[in-house]
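Chain by chain, the residues run as shown.
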Amino acid sequence: MTLRHNWRISEAQALLDKPLMDLLFEAQTVHRRFHDPNEVQVSTLLSIKTGACPEDCKYCPQSARYNTAVQRERLLEVEQVLKAAQAAKAAGSTRFCMGAAWRNPNARDMPYLEKLVKEVKSMGMETCMTLGMLSKDQANTLADAGLDYYNHNVDTSSDFYQEVITTRTYEDRLNTLENVRDAGMKVCSGGIIGLGESVENRATMLTELANLPTHPQSVPINRLVKCEGTPYEANNDVDDFEFIRVIAAARIMMPKSMVRLSAGRESMNEQMQAMCFMAGANSIFYGCKLLTTPNPEESSDQKLFKKLGLKPAKLPYQHDEETTADWLNSANETPKKRQLENIPVAVYRP
Ligand code: SF4
């Protein structure tokens, strides 16, 4: 088994159509080859600039085009952001993600963003930002400041994309992802389930993500949070099992990536979240707010971790695809066993 970048949509569709027990078994088998099945990486997401976004993403309450309950807020002061990062670290987060509701950052914002990256990094956390489209120069500037990850979701498949967003193209998204990769940062990119897309659109989105030049190191799978005032406020609910299938297919198609159970988690009961972890999700956002939509309280996450015997990942994962072949040669060993035996470990940083 190698990391593939030549997936066909029909193969992704076949995964999504599999009997659920077979699909879960396959996803668990793949998951255990690359990850500790009892570890979940924990990130915290803070909105550093909320609302008044010029884009028209139909699911988003931060778009200035829709009349929603989101109050427009100015850019947070550096001190406010650092205080939140300290609190996130104390709560067990290893990665701090800062998001701004922009089409793209302005040149005047770059020094502020660089300062945030440097300061948060100096606390010993991984840094991530989601700021909209990035030019090559902006990507290089953020990478030079030490930014580890950049989030830019493809949201959905290229053939359904125009139904969801008209103010930027799918190509624009891919260009930003390329700029991020070329600058040497890790990519966080996934999508949203529940936009009205078909199962084939889901298969296409997963295929497009898995066929990128490198698999995104983080793949957030979001379930639509229906926000009042947005065009998607009355969308049909996504069936729990259909959502779990997407997680499992993402795990199988992008085996080394961290698959993140992302927005929509607050509406999932413990059993549903446990099934998502079983299907291969191994990353979550901690904290009471996910940008502007609610997220389960930290304490309820901690209780769930305890019930399931899960532990927050302490060591950041490494995502160097070139080392994968070594790792696959001993696929039956667990990452921990390899560490104990002092064999070079492809999955964890020492
Ligand atoms: S998803 Fe991002 S880009 Fe789209 S409207 Fe919301 S904040 Fe703006």
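## Some remarks on the overall build of the protein
And then number 1: From N to C terminus, the protein includes 13 helices and 12 strands.
And then number 2: Partitioning the intrachain contacts of the protein with sequence separation of at least 6 by distance along the chain shows that 75% fall at a separation of at least 24.
And then number 3: Split by element, the accessible area of the protein, about 14,900 Å² in all, is 51% carbon and sulfur.

## Some details on the packing of aromatic side chains
And then number 1: Summed over all chains, the structure comprises one aromatic pair.
And then number 2: Judged by centre distance (5.4 Å) and plane angle (75°), the rings of Y161 and Y170 are edge-to-face. Summarising the burial analysis for this pair, Y161 and Y170 share the class buried.
And then number 3: Between the NZ or CZ atom of R95 and the centre of the ring of Y149, over which it lies, the distance is 3.7 Å.
And then number 4: Between R223 and the ring centre of F243, over which it is positioned, the NZ or CZ distance is 5.8 Å.

## Description of the site of the ligand
And then number 1: The environment of the ligand is made up of C53, E55, C57, Y59, C60, S63, A101 and R168.
And then number 2: Of the residues that constitute the shell around the ligand, the class distribution is five nonpolar, one polar and two charged.

## Side note on the nonpolar core
The tendency in soluble globular proteins is for nonpolar side chains to be buried as a group.
And then number 1: With 94 residues, the main nonpolar core has I48, Y59, M129 and F243 as its most contacted residues.
And then number 2: The dominant element in this core, judged by the number of residues it contributes, is helix α9 (residues 240-253), at nine residues.
And then number 3: Grouped together as the second largest cluster of nonpolar side chains are five residues, L45, C97, C128 and Y149 included.

## Observations regarding the pattern of salt bridges
And then number 1: The full count for this structure, using the stated rule, is 16 salt bridges.
And then number 2: In this structure, K121 engages D148 in a salt bridge whose closest nitrogen and oxygen atoms are separated by 2.9 Å. Taken together, the residues K121 in helix α4 (residues 110-122) and D148 in the loop between α5 (136-145) and β4 (149-151) connect sequence positions 27 residues apart.
And then number 3: Taking the relative accessible area as the measure of exposure, D148 reaches 15% and is therefore buried.
And then number 4: D182 is the partner of K136 in a salt bridge, and the nearest nitrogen-oxygen pair spans 3.2 Å. Residue K136 is located in helix α5, and its partner D182 is located in helix α7 (residues 170-182); the two are separated by 46 residues in the primary sequence.
And then number 5: Residues joined in a network through salt bridges with shared partners are E55, R103 and R168.

## Notes on the pairing of strand β2 (residues 95-100)
Walk down a regular strand and you will see the side chains alternate between the two sheet faces.
And then number 1: Taken across its six residues, β2 has six buried, putting it largely inside the fold.
And then number 2: Side chains of β2 alternate between two faces, with R95, C97 and G99 and F96, M98 and A100 buried alike.
And then number 3: With six bridges joining them, strand β1 (residues 39-49) and β2 adopt parallel strand pairing. Considered in β2, the bridge of L46 is made with M98.
And then number 4: Handedness of the crossover joining β1 and β2 through helix α3 (residues 78-90): right-handed.
And then number 5: Two elements, β2 and strand β3 (residues 126-130), share five bridges in a ladder whose sense is parallel. Note that in β3 the partner of F96 across the bridge is T127.
And then number 6: Following the chain from β2 across α4 to the adjacent parallel β3, one finds a crossover that is right-handed.

## A closer look at the environment of V187
And then number 1: Here V187 shows up in strand β5 (residues 186-188).
And then number 2: Between the alpha carbons of V187 and H152 there is a distance of 7.7 Å; along the sequence they are 35 residues apart.
And then number 3: Ignoring sequence-local partners within four residues, the contact set of V187 consists of Y150, L177, V180, R181, P216, Q217 and S218.

## Brief notes about the environment of N67
And then number 1: With respect to the element layout, N67 can be found in the loop between β1 and α3.
And then number 2: What makes N67 exposed here is its relative accessible area of 71%.
And then number 3: When the C-alpha positions of N67 and E228 are compared, they lie 8.2 Å apart, and in sequence the two are 161 residues distant.
And then number 4: With sequence-adjacent residues up to four places away left out, N67 is seen in contact with E228 and G229.

## Digging into the state of the cysteines
And then number 1: Under the criterion given, the structure shown has zero disulfides.
And then number 2: No disulfide involves C97; its sulfur sits 3.4 Å from the nearest other cysteine sulfur, which is in C128.
And then number 3: We classify C97 as buried; its relative accessible area is 5%.

## Quick notes on α7
An α-helical turn contains 3.6 residues, so any two residues separated by three or four positions project in the same direction.
And then number 1: For α7, built from 13 residues, the straight-helix expectation of 18 Å at 1.5 Å per residue is met to within 8% by its first-to-last C-alpha distance of 18 Å.
And then number 2: Along α7, the positions that sit buried rather than exposed are Y170, R173, T176, L177, N179 and V180.
And then number 3: Those residues of α7 that are buried lie in contact with α5, β4, α6 (161-164), β5 and α8 (199-210).
And then number 4: Looking at the residues trailing α7, positive phi occurs at G184, about 90°.

Reading guide: rules and limits
Residues numbered from 1 in each chain as written. Predicted model: local features only at pLDDT ≥ 70, side-chain atom pairs only at ≥ 80, totals over all residues. Heavy atoms only, no water. Helix = DSSP H or I, 4+ residues; strand = E, 2+ residues; numbered from the N terminus. Contact = heavy atoms within 4.5 Å. Areas by Shrake-Rupley, 256 points an atom, 1.4 Å probe, with all protein chains shown as cover. Phe/Tyr/Trp six-rings, centres within 6.5 Å; stacked < 30°, edge-to-face > 60°. Buried < 20%, exposed > 50% of the residue type's maximum accessible area, 1.4 Å probe, protein only. Lys NZ or Arg CZ within 6 Å of the ring centre and 35° of its normal. Near = heavy atom within 4 Å. Nonpolar A, V, L, I, M, F, W, Y, C, P; charged D, E, K, R; others polar. Core = buried A, V, L, I, M, F, W, Y, C linked by side-chain atoms within 4.5 Å. Salt bridge = Lys/Arg side-chain N within 4 Å of Asp/Glu carboxyl O. Pairing = 2+ DSSP bridges. Right-handed = clockwise from strand over helix to strand, strands pointing away. Disulfide = S-S within 2.5 Å. Expected span 1.5 Å × (residues − 1).

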